Amino acid sequence: MAHDEIRREVLARQDEFLSETVQLRKFLLQIENEIELGRRHIRLGGAAVDLPSVAGVPTVNPAFNAHIKRVQDARRRAQVAYFTMAMQEGLSHRRIGQLWGVSRQRVSMILSRRAA
């Protein structure tokens, strides 16, 4: 892969990662509102049995998990792009691992996903 092509790939993956984190942040603000509704309910003497319907718990949990998964997936794709670019620039798996705070084995495993 040409260096300019890898650079475009890194930028695309960063854009994707950024977009997912922005969406997660918006969702977390919604969750804050749900938590406040639940706190108000409890403060006013409400029953625990009513909390899921008051605070939207049944819909929040699956949505939260889905948002986290999308962020993690985007982060992993960005990491593959970063590591690929670093390798093309001549860095070893060991050096990439040192810079990113992971083992060289982890770098190798992450890069092997790209080939798969």
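Just so you know, these numbers come straight off a predicted model, no measurement behind them. (Residues numbered from 1 in each chain as written. Predicted model: local features only at pLDDT ≥ 70, side-chain atom pairs only at ≥ 80, totals over all residues. Heavy atoms only, no water.)

A. Structural context of a nonpolar patch on the surface. A cluster of nonpolar residues, L28, F64 and I68, forms a patch on the protein surface that exposes about 210 Å² of accessible area. Positionally, F64 belongs in helix 3 (residues 57-88). Given a relative accessible area of 30%, F64 falls into the partly exposed group. (Patch = residues over 30% accessible without salt bridge, like charges linked within 9 Å, V, L, I, M, F, W, Y side chains within 5 Å. Areas by Shrake-Rupley, 256 points an atom, 1.4 Å probe, with all protein chains shown as cover. Salt bridge = Lys/Arg side-chain N within 4 Å of Asp/Glu carboxyl O. Helix = DSSP H or I, 4+ residues; strand = E, 2+ residues; numbered from the N terminus. Buried < 20%, exposed > 50% of the residue type's maximum accessible area, 1.4 Å probe, protein only.)

B. The arrangement of the packing of aromatic side chains in detail. In this structure the tally under the stated criterion is 2 aromatic pairs. An angle of 15° between the planes, with centres 5.1 Å apart, marks the rings of Y82 and W100 as stacked. With Y82 in helix 3 and W100 in helix 4 (residues 93-100), this pair connects stretches of sequence that are 18 residues apart. On the basis of relative accessible area, W100 is assigned to the partly exposed category, the value being 42%. Both rings, one in F83 and one in W100, keep their centres 5.6 Å apart while their planes meet at 70°; by these two values the pair is edge-to-face. (Phe/Tyr/Trp six-rings, centres within 6.5 Å; stacked < 30°, edge-to-face > 60°.)

C. Up close: helix 1 (residues 3-43). Under the 1.5 Å per step criterion, the end-to-end length of helix 1 is 59 Å for 41 residues, consistent within 8% with the ideal 60 Å. The complete set of buried residues in helix 1 reads I6, V10, E20, L24, F27, I31, G38 and H41. Summarising the contacts, the buried residues of helix 1 are in contact with helix 2 (51-55) and helix 3. Within two residues after helix 1, G45 carries a phi angle of roughly 90°, on the positive side. (Expected span 1.5 Å × (residues − 1). Contact = heavy atoms within 4.5 Å.)

D. Molecular detail of the pattern of salt bridges. Scanning the model with the defined rule gives 7 salt bridges in all. With its nearest N and O atoms 3.0 Å apart, the salt bridge here joins E9 to R13. Within this pair, E9 and its partner R13 are both found in helix 1, separated by 4 residues, close to a single helical turn. Note that D73 is salt-bridged to R76, the shortest N-O span being 3.6 Å. Highlighted residues: D73 and R76, both in helix 3, separated by 3 residues, approximately one helical turn. Since its relative accessible area comes to 22%, D73 is described here as partly exposed. Because the salt bridges share partners, they merge into one network encompassing E9, R13, E16 and R77.

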